[in-house]
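So the chains spell out like this:
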Amino acid sequence: MKEEEKKKKKEKEDRRKEEEKRAEEDEVAETKELESVKLGPGETSTTYSELYHLFPSEVFVAYDKLQDFARDLNTQISHPEIVLIGLQGHGKSSILEALLGHQINTVGYGGATQRPLYLNIINNTQCETPKVTIKRDSVLSEFDHDEIVPLTELSNEIEKRNKIVSSDAVFVQYEFKDTCNMTFIDTPGLIPEDQGDLIKTKIDQTVMNLAKPPHRLILCVEEAKDWERIEMMDFVKQLDPELSRTTFVYTKFHNQLQKMTNTRQVNRFLSGTPPDTKSFFTTLISTKLRQKFSESDRFQEKIWQAYRRDMNGLEQLQFDKRFEANIGLHALRKYLLHLSWKNYQDNVPKILKRLRQKKASSENAL
């Protein structure tokens, strides 16, 4: 009996070592593949950095001045609130931190996000580097105060607060001089029917409560796969029947792209998105590679290389260039920034109107 147990233990240990060896080989192969991607026309080795700085600093200075005017006039400028929803393990949290360009979150398989996360991004011209504050926790008594943390430690600090399953959110404030005001709300991953009715009902309700307000935009994140196997549509339509405030993000696109062998196949897939909606196809890096390239500059570089690898594959298949604006994390990021910028522009007339009213009131008083 003891010999049998020793044999099983050895087999288990051998399997573990073999899995670790395969994982290391996959990591090396992925790194080599990404670092050998061919640059596109007009691109350089620093293009990835430029894509995280789409607007010059003067734009954000003007944005700050508009906010000052609004405060002086007791007028509030609204900003976009974007709720990320999706199934467990499909990449919601990875998309959020890739949009920011910094590793800030707990990511992984089997539902890494146990509590909602509010990431309030604030334009602050006084912050030459990002200033990150985790707000007082309403659930865990050991975190009953606001805490300023280094950006490099944010992921660890969120993980400490993510040990419990709760509908009470973790609130993070991110201030920086070159950003627009917006709020991202990362939600716990939805789970399949067969993983327990009680926990599924609780998570479903939490996500619905966060995504239901009609002023909030929905970012529906799901792994790219054959269209007949897409799972999120019914859930999304409960929140947004007309899909008027939903943007679809299909992750792990590279896996799907590798199955395609001709132009007709790729164009047919790219045209399969829900009609009259905005959709994006993204590929990020594996969890192992994410751990290896945690420094922000290298992290951003690898995200761009993953996008360039997909674009090279699409170009080899001679895809329809009409779909180019829907490919990659940076296309999604640009789209969301322009939504925030449009919100800024829409507020200018309101501020001018208040200024005229104040001027007229002052003149009448005189």
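Residues numbered from 1 in each chain as written. Predicted model: local features only at pLDDT ≥ 70, side-chain atom pairs only at ≥ 80, totals over all residues. Heavy atoms only, no water.

*Asks:* Help me get a handle on empty space enclosed by the protein, residues and values and all.
*Replies:* Evaluation of the coordinates by the stated rule reveals two cavities of 30 Å³ or more. Taken as a whole, the largest cavity holds about 50 Å³ of empty space. Taken together, Gln 114, Val 165, Ser 166, Ser 167, Pro 188, Lys 202, Ile 203 and Thr 206 form the lining of the largest cavity. Tallied by class, the residues present in the lining of the largest cavity amount to three nonpolar, four polar and one charged. (1 Å grid on protein atoms, 1.4 Å probe; cavity = no way out; pocket = protein on both sides within 12 Å on 5 of 7 lines; lining within 4 Å. Points joined across faces, edges and corners; volume = space filled by probe spheres on them. Nonpolar A, V, L, I, M, F, W, Y, C, P; charged D, E, K, R; others polar.)

*Asks:* If you had to explain the pattern of salt bridges to someone new, which residues and values would you point to?
*Replies:* Under the criterion given, the structure shown has 23 salt bridges. Its salt-bridge partner being Asp 204, residue Lys 200 comes within 3.2 Å of it at the nearest N-O pair. Placement of both Lys 200 and Asp 204 in helix α6 (residues 197–211) is noted, with a separation of four residues, approximately one turn of the helix. Given the relative accessible area of 14%, Lys 200 is considered buried. (Salt bridge = Lys/Arg side-chain N within 4 Å of Asp/Glu carboxyl O. Helix = DSSP H or I, 4+ residues; strand = E, 2+ residues; numbered from the N terminus. Buried < 20%, exposed > 50% of the residue type's maximum accessible area, 1.4 Å probe, protein only.)

*Asks:* I'd like a rundown of unusual backbone geometry, residues and numbers included.
*Replies:* Of note in this structure, Leu 243 is not a glycine but carries a positive phi near 55 degrees. Summarising the element assignment, Leu 243 is placed in the loop between α7 (233–239) and β8 (246–251). Assessed through its relative accessible area of 9%, Leu 243 is described here as buried. One non-glycine residue, Asp 276, lies in positive phi territory at about 60 degrees. In this structure Asp 276 comes out as exposed when scored by relative accessible area, which is 82%.

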